[in-house]
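Understanding the architecture of this molecule
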Amino acid sequence: MQAACPCVSVPGAIGRGLKHQVSEDLKQNPRSQPQGDRTVKSAVETLNPTRVRLTVEVPFEELKDSLDAAYKKINQQVTVKGFRKGKIPARVIDQRFGRGAVLEEAVNDALPKFYTEAVNEGELNVLGQPEVDITELKDGELLAFTAEVDIRPVLEIPDYSGIEVEVDAVTVSDEDIDKSVEQLRERFASTSPVERAAQDGDVLTLDLEAKVDGEVLPDGVAQGVSYTIGSGELLDGIDEAVKGLEAGGSATFTSELKGGSAQGKEAEVKVDVTAVAARELPALDDDFAQLASEFDTLDELKADSAKRLEQMKKYDQATQAQEKVLDELLKLVEVPLPEKLLADEIQTRKHNLEHHQLGQMGLDLAKYLEIQGKSEEEFDAETKEQAEKGIKTQFILDELVNKEKLNVSQEELTEHLMRRAQSSGMSPDQFAQAVVEGGQVPMLVGEVARGKALAVVVEAATVKDSNGELIELDDEEEAEEAAESVVAAAEGTDEAKAEEKTGA
């Protein structure tokens, strides 16, 4: 969700009935003489807190450059017998092709300039493209038009220093440490073939064949698939089918396919076990610590695990604080929402979910809603609520950026860019190039600035943990990074949306 630059899409911007209006006006007033005030006039009418109508009157002499450009362009596009290409006099173009065609080209060329000047004169912060109507076009005398456009609402940010929130206390238990070390131990597990029936935790080599309505699917055959019993990485029901089988054993089971040409359909799946291997975990001792880390002893490895877990939980605590403070801030400020902007944001979020996130998982929206246990009405209401929160978040934090006079340094922008590149799976150079080519540098600057604004509010707020202890987010850089993450989540600036904006 970004505010569009104050420009008019040409030719659609003047669109409705211009050719007809030009020709009709010329019939009534073939060539009026310039008269009256020669100054461009513009006025702003507020239609509601988020929409205005600009009324602009342009003396005809202000169109001279655009008229000259129109004649020159038409000159390059047409051929008239007796004249060299590009050397056709204006009067001949008027006679052969009509003055209306020239005026239409000139107005299309001039309109964005006069619209932009009116926006700047009115000191408007516009959103999206305007709806433009030509209200009067008198050849040699006057061009008048109106432009309706959404604007950012004017917000009053109240004192936010009274915000109080509670977050989870940071505690690292022995169980947490043991679980962390066990996960590391799993990474260093080895396998060895066994001649016995398969059991939980064994690594199997499988051949699979799926049939629907008795026919083998074109993409329903796979060989040499490695699968760990209990991992849940393949089809539902496979664990029960293969447990108890030895190498060379086979079984058949029924399961709903999660992807492929018959996604969502019930299939009869034949599974052949070609090998069974037992996983062997390394002994939990000093030798393991030396194998899996830079530490000499298991106690040192556990101490380091405890330290890392504490850092992670502190970051999670900071993120929780940012989220809760943002929610409280949103309650303090009344934010009128532009209807079209809200509708566009809802559509964008639906598009990103369907074509990016769900597409990567091999799901469609109907299947996703079935898995989530939601109706389409519930999904639409939830999406609307998220979109409203995203727009309000951007409006309020942008206002705070201005109020607090926050700036974004090149170093801060670079660090943010590198984090976004990592989340998108691109190298920093590739991501930076995509951002520049897509004209999205202002978008990234805005994200960093809004993260800083939220961090300012959190700093002013009172944050306590569940034990009643006052929490100080001492690491400013980490706090701002957490704030950027929270803002991105609220605004829906996820990886899929970032890819779409940068064209990645």
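Quick look at the structure, then. Just so it is clear, the model here is predicted, and its values are computed rather than measured.

Considering the overall build of the protein
A tally of helices and strands in the protein yields 16 helices and 11 strands. A buried classification covers 41% of the 504 residues belonging to the protein. Taking as baseline every contact in the protein between residues at least 6 positions apart, the subset at least 24 positions apart corresponds to 72%. With the model as given, the accessible surface of the protein reaches about 27,600 Å², and the carbon-plus-sulfur share is 46%.

Focus: the packing of helix H11 (residues 376–403) against helix H14 (residues 441–460)
Relative to each other, H11 and H14 sit at 80 degrees, their axes nearing to 8 Å. Taken as axis vectors, H11 and H14 run roughly perpendicular relative to one another. Along the contact surface, H11 presents Gln 394, Leu 397, Asp 398, Leu 400 and Val 401, while H14 presents Ala 449, Arg 450, Ala 453, Leu 454 and Val 457. Here the contact of H11 with H14 is composed, by residue class, of seven nonpolar, one polar and two charged.

Side note on a nonpolar patch on the surface
Taken together, the side chains of Val 436, Val 441 and Val 445 make up a nonpolar region of the molecular surface, amounting to roughly 210 Å² of accessible area. One can find Val 441 in helix H14. On the basis of relative accessible area, Val 441 is assigned to the partly exposed category, the value being 33%.

Topic: a negative patch on the surface
On the surface, Glu 62, Asp 65, Asp 109, Glu 117 and Glu 121 cluster together into a patch of negative charge. The element best represented in the negative patch is helix H4 (residues 99–121), accounting for three residues. With respect to the helices, strands and loops of the structure, Asp 109 is situated in helix H4. Look at Asp 109 and you get partly exposed, because its relative accessible area is 45%.

Thoughts on the sheet that holds strand E4 (residues 142–151)
Taken together, four strands build an open sheet; the order of strands is E1-E2-E4-E3 and the sheet is antiparallel. Bordering the open sheet on either side are strand E1 (41–48) and strand E3 (126–138), each of which pairs with just one other strand. Neighbour-to-neighbour, the strand axes of the sheet open up by a mean angle of 20 degrees, direction not taken into account. By the bridge criterion, nine bridges tie E3 to E4 in an arrangement that is antiparallel. Note that in E4 the partner of Val 126 across the bridge is Ile 151.

As for the side chain of Asn 75
Checked against the element boundaries, Asn 75 lands in helix H2 (residues 64–77). Ignoring any residue separated from it by four or fewer positions in sequence, one finds Asn 75 in contact with Lys 85, Gly 86, Lys 87, Ile 88 and Ile 93.

Some details on the pattern of salt bridges
Counted according to the given criterion, the structure contains 29 salt bridges. The salt bridge partner of Glu 186 is Arg 279, with a shortest N-O separation of 2.8 Å. Pair noted here: Glu 186 is in helix H5 (residues 174–187) and Arg 279 is in strand E10 (residues 266–280), with a separation of 93 residues, a long-range link. On the basis of relative accessibility, which here comes to 30%, the residue Arg 279 falls in the partly exposed class. Beyond isolated ion pairs, a larger network of salt bridges with shared partners links Glu 45, Arg 51, Arg 53, Glu 131, Glu 148 and Asp 150.

Considerations on H4
For H4, with 23 residues, the first-to-last C-alpha span of 32 Å sits near the 33 Å given by 1.5 Å per residue. The principal kink in H4, of about 35 degrees, is found at Ala 110, preceding the proline Pro 112 by one to four residues. Just beyond H4, the residue with positive phi is Glu 123, at close to 50 degrees.

Re the nonpolar core
Grouped together as the largest cluster of nonpolar side chains are 39 residues, with contacts concentrated most on Ile 163, Leu 329, Ile 396, Leu 400 and Leu 454. Of all elements in the fold, only strand E5 (164–167), helix H8 (298–332), helix H9 (339–361), H11, H14 and helix H15 (476–491) reach the threshold of two or more residues within this core. Of the residues forming this core, the biggest block, seven residues, is contributed by H11. In contact with Leu 400, not counting residues within four places along its chain, are Ile 157, Tyr 160, Leu 329, Lys 405, Ala 453 and Val 457.

Quick look at H14
Helix length check: H14, at 20 residues, gives a terminal C-alpha distance of 29 Å against a target of 28 Å (1.5 Å per residue), a fit within 8%. Across the 20 residues that make up H14, a large majority, 14, are buried.

Focus on the pairing of E10
Both strand E6 (residues 190–193) and E10 contribute to a ladder of four bridges, which runs antiparallel. For Pro 193, the partnering residue across the bridge sits in E10 and is Ala 277. As judged from the nine bridges shared by strand E7 (residues 203–212) and E10, these two strands associate in the antiparallel manner. From the neighbouring strand, Glu 209 faces E10, where its bridge partner is Lys 270. Pairing of strand E9 (residues 250–256) with E10 involves seven bridges; the strand directions are antiparallel. Its bridge partner being in E10, Ala 251 is matched across the sheet by Val 271.

What to know about the environment of Val 269
Following the sequence through the fold, Val 269 ends up in strand E10. Spatially, the C-alpha atoms of Val 269 and Gly 220 are 8.8 Å apart, while their sequence positions differ by 49 residues. Not counting residues within four places of it along the chain, the set of residues in contact with Val 269 comprises Leu 208, Glu 209, Ala 210, Leu 235, Ala 251, Thr 252 and Phe 253.

The rules behind these values
- Residues numbered from 1 in each chain as written.
- Predicted model: local features only at pLDDT ≥ 70, side-chain atom pairs only at ≥ 80, totals over all residues.
- Heavy atoms only, no water.
- Helix = DSSP H or I, 4+ residues; strand = E, 2+ residues; numbered from the N terminus.
- Buried < 20%, exposed > 50% of the residue type's maximum accessible area, 1.4 Å probe, protein only.
- Contact = heavy atoms within 4.5 Å.
- Areas by Shrake-Rupley, 256 points an atom, 1.4 Å probe, with all protein chains shown as cover.
- Axes fitted to C-alpha atoms, helices over the stretch in contact; angles between N-to-C directions.
- Parallel < 35°, antiparallel > 145°, perpendicular 65-115°, else oblique.
- Nonpolar A, V, L, I, M, F, W, Y, C, P; charged D, E, K, R; others polar.
- Patch = residues over 30% accessible without salt bridge, like charges linked within 9 Å, V, L, I, M, F, W, Y side chains within 5 Å.
- Salt bridge = Lys/Arg side-chain N within 4 Å of Asp/Glu carboxyl O.
- Lys, Arg positive; Asp, Glu negative; His and termini not counted.
- Charge placed at Lys NZ, Arg CZ, Asp CG, Glu CD.
- Pairing = 2+ DSSP bridges.
- Expected span 1.5 Å × (residues − 1).
- Bend = angle between axes of the 7 residues up to and from the residue.
- Core = buried A, V, L, I, M, F, W, Y, C linked by side-chain atoms within 4.5 Å.

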